[in-house]
Amino acid sequence: MSEVTQEQITELLCQRLVYFTEIEMEVSPETNLITHLAIDSVKLLNLVMEIEDEFDISVPLNTLVDVLTVQDLANLIHKIKLSSQ
Amino acid sequence: MNLLEKLDAAAAARKAQLPEGVGAFGIPIEESYSATEARIGERRVLMLGTNNYLGLSFALECREAAHQAIDQEGTGTTGSRMANGNYYGHRALEREFAEFYNCRECIVFTTGYQANLGTISGLAGAGDVVLIDGDAHASIYDGCILSGADIIRFRHNDPADLEKRLRRLGERSRNTLIVVEGIYSMLGDQAPLAEIVEIKNAYQSTLLLDEAHSLGVLGKTGQGLVEQTGLNNEVDFITGTFSKSLCGIGGFCVSNHSQLNQLRYISHPYIFTASPSPATIASTRAALKLLREGSSLRERLWQNAHHLYSSLKTIGYQLGPQPGPIVAILLDNPRQALALWNGLMEHDIYVNLVLPPAAPEGKSLVRCSINAAHTTEQIDRVCDVFARLYSSIAE
Ligand SMILES: Cc1ncc(COP(=O)(O)O)c(C=O)c1O
């Protein structure tokens, strides 16, 4: 399987997140998932399921405790993806 | 923001979301008249939002047992069973539950919430995995967090999705606890247990089934989904609560695995809390007897459930996927749900209002729950009111 770069993950997240929030705004790596996007806990958990399927990885919910921004989430996914290969 | 300011901000967000909706939550009930009626303010209201599935909240046998226990054993146990004494009634109730499920072991907990907390955190730990349904109850989430295990969700009632996630885990699937519910508390649908059991066996995982809403409701003797599907020997651990069909408070876990007993020594939600009061244990024992013998109550309950479900469907309401004692009406937004809830209250009918994120899939719910004590006339009246309110919601 070809390697996914961190940038690709970030880009995909920014695209996806637009559909997950009711607020019309640009999503950037620095966007805070909770305070900027007002994503509620269940939406975030559903996004995690989609990410798991997209990258064929397991993202345990307990690893999300340090995730605040889109960038944090991308870093976490990248790390898990690398270690699963 | 300091701690108190954060609470102020959360309260402001709550009030902004639904300014007139505040009264729907934590509604003050002044007096209970029966298993189906209560006083709210000055009104006599039909209760269609309790979990009193068999209608046993005023059962004479249970009240007498509770009175007697208070007179003979006092009002409380004042402490933990491990530290302050393991009373006869608690041990007897455990034996009775073990015998009811034909299981070797049973542990009684102080609430159903703690039964899930104590069982999940006792079974799984750091390095293990808990794989839970996407609509899992908060007590299951909290148990998973307390366990320190890796928490993964699968799509609600979707065995193929469960399998995909187990496959990804590789060898770790053997250290995985799968958690599902007999009847889901919000939509009222049942877990596809046979398929889930097949998958858990293929991946050598462990399965926990929470029968909180299905105890007394499903199966010939009321054991729950496990009895209805004939899968008693395939489910590793069953938890449940005394607070719903048994009309008490407390919870249990039963299993044929002798290792369950070890949880008494390691599970904080069992050890570091007081055991249920003697009155609670006594009424629960009496209620369990009524539940086991209650096939006519179950029949009545299901008649009522089908009656409400099919009538609301005919009117045109969008409902949960499957008829049952929990009949959930799905609405697109909180305002519609609140309007329906208010309309019902104006007609002296109390139901539950469930808003996102508590309701699944971003929907808002008006959640009705039926019990065996509701009369046909009461349900007819409810359906009548729902029919009258339909046009105001559909607009
Ligand atoms: C599925 C489920 N499990 C556990 C519980 C907790 O039970 P209790 O309210 O008796 O603590 C509930 C109810 O609140 C529930 O709906």
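Coordinates for the structure precede this section.
Described below are features of the structure shown in this document. (Residues numbered from 1 in each chain as written. Chains lettered and ligands numbered in written order. Predicted model: local features only at pLDDT ≥ 70, side-chain atom pairs only at ≥ 80, totals over all residues. Heavy atoms only, no water.)

1. Things to note about the site of the ligand
Residue and element names in this part refer to chain B. Looking at the ligand, there are 14 residues lining it, with Asp210, His213, Thr241, Ser243 and Lys244 nearest. A distance of 2.7 Å separates an oxygen atom of the ligand from a polar backbone atom of Tyr113. Here an oxygen atom of the ligand sits 2.7 Å away from a polar atom, N or O, in the side chain of His213. Of the residues forming the shell around the ligand, the biggest block, three residues, is contributed by helix 5 (residues 112-123). When its residues are assigned to classes, the shell around the ligand shows two nonpolar, nine polar and three charged. (Near = heavy atom within 4 Å. Polar contact = N/O pair within 3.5 Å; in protein donor to acceptor, adjacent residues only side chain to side chain. Helix = DSSP H or I, 4+ residues; strand = E, 2+ residues; numbered from the N terminus. Nonpolar A, V, L, I, M, F, W, Y, C, P; charged D, E, K, R; others polar.)

2. Overview of the sheet that holds strand 12 (residues 349-350) of chain B
All names here are of chain B. Pairing within the open sheet is mixed, and its four strands lie in the order 1-2-3-12. The open sheet has two edge strands, strand 1 (31-32) and strand 12, and neither has a second partner. Where strand 3 (residues 43-47) meets strand 12, two bridges bridge the pair, whose relative direction is parallel. What sits directly across from Met47, in strand 12, is Tyr350. (Pairing = 2+ DSSP bridges.)

3. Some words on helix 8 (residues 193-202) of chain B
All names here are of chain B. The complete set of buried residues in helix 8 reads Leu193, Ile196, Val197, Ile199 and Lys200. End-on view of helix 8: buried residues confined to an arc of 165°, all on one side of the axis. When the buried face of helix 8 is taken as reference, the exposed residues oriented beyond 90 degrees from it are Glu198 and Ala202. Contact partners of the buried residues in helix 8: helix 7 (159-169), strand 7 (176-181), strand 8 (206-210) and helix 9 (225-228). Following helix 8 by one or two positions, Gln204 adopts a phi angle in the positive range, close to 55°. (Buried < 20%, exposed > 50% of the residue type's maximum accessible area, 1.4 Å probe, protein only. Arc of directions from axis to C-beta. Contact = heavy atoms within 4.5 Å.)

4. Focus: a nonpolar patch on the surface
Residue and element names in this part refer to chain B. Residues Leu3, Leu4 and Leu7 make up a contiguous nonpolar surface patch of about 370 Å² in total accessible area. Considering the arrangement of structural elements, one finds Leu3 in helix 1 (residues 3-17). On the accessibility criterion, Leu3 (67% relative accessible area) is exposed. (Patch = residues over 30% accessible without salt bridge, like charges linked within 9 Å, V, L, I, M, F, W, Y side chains within 5 Å. Areas by Shrake-Rupley, 256 points an atom, 1.4 Å probe, with all protein chains shown as cover. Salt bridge = Lys/Arg side-chain N within 4 Å of Asp/Glu carboxyl O.)

5. A word on the pairing of strand 3 of chain B
Residue and element names in this part refer to chain B. Relative to strand 3, strand 2 (residues 37-40) runs antiparallel, the two sharing four bridges. Considered in strand 3, the bridge of Arg39 is made with Arg44. Counting the residues that bridge the hairpin from strand 2 to strand 3 gives two residues, and of these Gly41 lies at a positive phi of roughly 60°.

6. A short note on the interface of chain A and chain B
Counting residues at the interface gives 16 residues for chain A, matched by 16 residues for chain B. Interface of chain A and chain B: buried area, both sides summed, is about 1300 Å²; carbon and sulfur atoms make up 49% of it. Of all residues in chain A, Met49, Asp53 and Leu61 of chain A bury the most surface against chain B, accounting for 37% of the area lost on that side. A salt bridge links Arg165 of chain B to Glu52 of chain A; the shortest N-O distance between them is 3.1 Å. At the junction of chain A and chain B, the tally comes to 13 residue pairs in polar contact (both at pLDDT 80 or more). Residues that form the side of chain A that touches chain B fall into these classes: seven nonpolar, four polar and five charged. (Buried area = accessible area lost by both parts, 1.4 Å probe.)

7. Details of unusual backbone geometry
Residue and element names in this part refer to chain B. Notably, Asn102 is not glycine yet its phi reads approximately 55°, a positive angle. The topology assignment puts Asn102 in the loop between helix 4 (88-100) and strand 4 (105-109). The exposed category is assigned to Asn102, whose relative accessible area is 65%. A positive phi angle is found at Asp348, which is not glycine, with a value near 60°. Position of Asp348 relative to the elements: it lies in the loop between helix 14 (334-346) and strand 12. The class of Asp348 is partly exposed, set by a relative accessible area of 23%.

8. Let's talk about the packing of aromatic side chains
Each aromatic ring pair is described using two quantities: the centre-to-centre distance and the angle formed by the ring planes. Residues and elements named next belong to chain B. Under the definition given, this model contains ten aromatic pairs over all chains. Here Phe242 and Phe252 contribute two aromatic rings whose centre-to-centre distance is 6.2 Å and whose plane-to-plane angle is 10°, an arrangement assigned as stacked. Linking Phe242 in the loop between strand 9 (237-241) and strand 10 (251-255) with Phe252 in strand 10, this pair joins segments that are ten residues apart in sequence. Phe242 sits in the buried class, given a relative accessible area of 0%. Look at Phe252 and you get buried, because its relative accessible area is 0%. Arranged with centres 5.4 Å apart and planes meeting at 80°, the rings of Tyr317 and Phe386 form a pair that is edge-to-face. Linking Tyr317 in the loop between helix 13 (295-315) and strand 11 (326-331) with Phe386 in helix 15 (residues 376-394), this pair joins segments that are 69 residues apart in sequence. Each residue in the set Phe97, Phe100, Tyr101, Phe242 and Phe252 is aromatic and connected to the rest through ring pairs, giving one cluster. (Phe/Tyr/Trp six-rings, centres within 6.5 Å; stacked < 30°, edge-to-face > 60°.)

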